[in-house]
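Inside the fold
One letter stands for each residue in the lines below.
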Amino acid sequence: MNKSVSPPGTRKLYIETYGCQMNVSDSEVVVSIMQENGIGSTPDIDKADIILVNTCSIRENAEQRIWGRLDVFRQIKKKRPEVLVGIIGCMAERLKEKLLEKEKLIDIVTGPDSYRELPALIVEAEAGRQAINVLLSREETYADISPLRLDRNGVSAFVSIMRGCNNFCSYCVVPLTRGKERSRNPGSILGETDELAEKGYREVTLLGQNVNSYRWKKENGPGTFGFAELLAEIAVKHPEMRLRFATSHPKDLSNELLHTIAGHSNICKHIHLPVQSGSSRILKLMNRKYTREQYLERVSAIREIIPGCSVSTDIIAGFCSETDHDHLQTLSLMKEAEYDFAYMFKYSERPDTPAAKKLNDDVPEEVKSKRLTEIIELQGRLSARSKEADPGKTFEVLVEGTSKKSAGELSGRTSQNKVVVFPGRGYKPGDYLNVKITRFTPATLIGVPVKSTDL
Ligand code: 5AD
Ligand code: SF4
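On a predicted model such as this, the values are computed, not experimentally measured, just so you know. (Residues numbered from 1 in each chain as written. Chains lettered and ligands numbered in written order. Predicted model: local features only at pLDDT ≥ 70, side-chain atom pairs only at ≥ 80, totals over all residues. Heavy atoms only, no water.)

As a further point, take the overall build of the protein chain. Looking only at helices and strands, the protein chain features 13 helices and 21 strands. For a compact globule of 455 residues, the expected C-alpha radius of gyration is about 23 Å, and the protein chain comes in at 23 Å, within 12% of that figure. With the C-alpha coordinates aligned to their principal axes, the bounding extent of the protein chain is approximately 70 × 55 × 55 Å. Within the protein chain, buried positions represent 55% of all 455 residues. Within the protein chain, contacts between residues separated by at least 24 positions form 72% of all contacts whose residues are at least 6 apart in sequence. (Helix = DSSP H or I, 4+ residues; strand = E, 2+ residues; numbered from the N terminus. Rg over C-alpha atoms; globule rule 2.2 N^0.38 Å. Buried < 20%, exposed > 50% of the residue type's maximum accessible area, 1.4 Å probe, protein only. Contact = heavy atoms within 4.5 Å.)

This part is about the site of ligand 1. Close to ligand 1 lie Ile58, Arg59, Tyr171, Gln276, Asp314, Ile316, Phe345, Lys346, Tyr347, Ser348 and Arg350. Between ligand 1 and Gln276 there is a distance of 2.7 Å, counted from an oxygen atom to a side-chain nitrogen or oxygen. In the model, an oxygen atom of ligand 1 is placed 2.6 Å from a nitrogen or oxygen of the Asp314 side chain. When ligand 1 is considered free in solution it has 410 Å² of accessible area, and contact with the protein chains removes 86% of it. Residue composition of the shell around ligand 1, by class: 5 nonpolar, 2 polar and 4 charged. (Near = heavy atom within 4 Å. Polar contact = N/O pair within 3.5 Å; in protein donor to acceptor, adjacent residues only side chain to side chain. Areas by Shrake-Rupley, 256 points an atom, 1.4 Å probe, with all protein chains shown as cover. Nonpolar A, V, L, I, M, F, W, Y, C, P; charged D, E, K, R; others polar.)

Moving on, we come to the packing of helix H11 (residues 324-337) against helix H13 (residues 365-388). Relative placement of two packed helices is described by the angle separating their axes and the distance separating the axes. Two numbers describe how H11 lies on H13: the axes approach to 10 Å, and their chain directions differ by 15°. For the element pair H11 / H13, the angle class is roughly parallel. Here H11 and H13 pass one another in a crossing that is right-handed. For the pair H11 and H13, the contacting residues are Asp324, His327, Thr330, Leu331, Met334 and Lys335 in the first and Arg371, Glu374, Ile375, Leu378, Gln379 and Leu382 in the second. Partitioning the contact of H11 with H13 into residue classes produces 5 nonpolar, 3 polar and 4 charged. (Axes fitted to C-alpha atoms, helices over the stretch in contact; angles between N-to-C directions. Parallel < 35°, antiparallel > 145°, perpendicular 65-115°, else oblique. Left-handed = near helix turned anticlockwise from the far one by under 90°.)

This part is about the sheet that holds strand E7 (residues 156-160). Strand order in the open sheet made by the 3 strands is E7-E10-E13, with parallel pairing throughout. Each edge of the open sheet carries a strand with a single partner, namely E7 and strand E13 (242-246). Pairwise comparison of adjacent strand axes, ignoring direction, gives a mean angle of 25° for this sheet. In terms of strand pairing, strand E10 (residues 203-207) meets E13 through 5 bridges, oriented parallel. Residue Leu207 lies in a different strand from E13, and its bridge partner there is Ala246. Across the face of the sheet, helix H6 (residues 186-198) comes into contact with E7 and E10 while running at roughly 170° to E7. (Pairing = 2+ DSSP bridges.)

This next bit is on unusual backbone geometry. Omega for the bond connecting Ala246 with Thr247 falls within 30 degrees of zero, at 0°, which places this linkage in the cis form. When you line up the elements, Thr247 lands in the loop between E13 and helix H8 (255-263). Even without being glycine, Asn287 reaches a positive phi, approximately 60°. Here Asn287 lies in the loop between helix H9 (280-285) and helix H10 (292-305). Phi at Ser321 is positive, roughly 70°, even though this residue is not glycine.

Turning to helix H3 (residues 90-102), a few remarks are in order. The terminal C-alpha atoms of H3, which comprises 13 residues, lie 18 Å apart, in line with the 18 Å expected from a rise of 1.5 Å per residue. Remark: the principal bend of H3, roughly 80°, maps to Lys96. Those residues of H3 that sit buried are Cys90, Met91, Ala92, Glu93, Leu95, Leu99 and Leu100. Contacts from the buried residues of H3 go to strand E3 (50-55), helix H2 (60-79), strand E4 (84-89), strand E5 (108-110), strand E6 (131-133) and helix H5 (174-178). (Expected span 1.5 Å × (residues − 1). Bend = angle between axes of the 7 residues up to and from the residue.)

This is the structure we're talking about:
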């Protein structure tokens with residue numbers, strides 16, 4: 001049975017993305033691969049011939065949300081049985097059997113390293129056969145594929161510089177879903193940033209699970225080309241472009257990198273440094289490879305080498321065997337680190353991870369919730385304190401778009417990654433300007449543009 005309704009060349013893809021920035025970047029690679037094969041995209045699900053969901057497995061509720069979405073696709077398929085539905089990304093890798101056996105509505109299942117196979121898998125699915133490829137690769141970095149940007153603001157873009165992860169934090173499913181760590185050829189990264197600069201992009205975020213371990217063997221001589229060198233090279237080549245990066249593992253955050261950030265005005269003064277817990281005992285169980293003291297030493301190094309740098313983090317509440325004492329240590333570390341921002345989660349056991357195999361998920365749900373609430377409340381106070389010091393200061397802001405809340409106002413971010421809203425007459429997305437902060441709300445700084453002579 002041939003299921004395709006639209007003739008080849010006129011088929012349209014609708015893609016929905018969940019999870020991290022890396023997944024957003026992957027969806028752009030997928031759209032590009034499809035385009036190369038004559039499949040255009042549409043933002044309208046009702047006009048799509050192919051629906052792909054780029055999924056995330058990081059926490060149980062991320063997966064739950066996607067199972068919920070599948071009900072919607074089921075309805076669409078009832079009305080239009082010829083539509084193909086594919087699950088791609090981290091859940092595909094983790095749940096291939098369950099997806100194919102239990103979810104008869106799914107035609108295609110593709111893991112994060114098999115996106116080049118999608119066009120062939122679509123042909124299979126059109127012939128009425130379920131099509132699957134979740135093989136992980138040691139080499140695939142999609143280096144030669146120029147991603148089709150889905151962000152549409154034309155100002156900021158993601159560039160993936162490495163894939164996979166070798167850290168094996170005991171709670172984390174990523175090494176299982178995305179495989180071994182591999183860096184992308186620096187030539188192709190530079191080519192992509194050149195292309196973005198030519199198109200007028202003003203901000204690039206370099207992505208990897210642990211960008212600090214980026215490494216490429218030098219082609220003309222001994223030694224390796226590391227992340228600090230890559231960052232410096234792009235910063236010098238494109239002085240008009242802001243550079244950001246995520247994520248840094250505290251064990252690999254070197255002073256060399258901090259000096260590189262300090263030495264280039266277009267490398268943003270913001271470091272996302274996930275701590276996960278403030279207790280050295282829990283950090284050991286998490287296999288994070290640093291202690292509380294070593295982590296705080298890195299935060300002091302950031303403050304010393306890059307004055308005015310903001311620091312954000314990820315925190316997990318209620319990991320296996322976490323006591324009240326461990327939890328209090330997390331709260332005290334948060335105060336010492338004075339985070340500007342944090343992503344905070346309840347521990348959620350992921351099947352087949354080292355923690356699931358060896359540790360007991362023994363912190364009761366209500367205790368996890370109570371601890372998470374305390375962490376969120378404390379971070380609320382720290383985030384407010386981080387903004388309290390800003391009124392009266394002037395920051396260079398890159399305009400990203402119109403403010404969501406107040407019409408006629410523009411919104412952008414400071415180098416420290418704080419959102420600023422200001423009256424925007426005469427400015428447009430992609431412009432840099434100086435904004436003097438007048439006040440702040442819990443999420444935003446409010447200010448007025450100043451001419452450089454007013455500084
Ligand atoms: N449970 C809760 N949070 C998790 N994270 C990763 N795995 C889990 C898990 N099993 C969080 C970590 C990580 C962020 C991306 O997600 O804080 O840094
Ligand atoms: Fe990203 Fe991790 Fe979710 Fe995969 S599981 S999409 S790597 S956050």
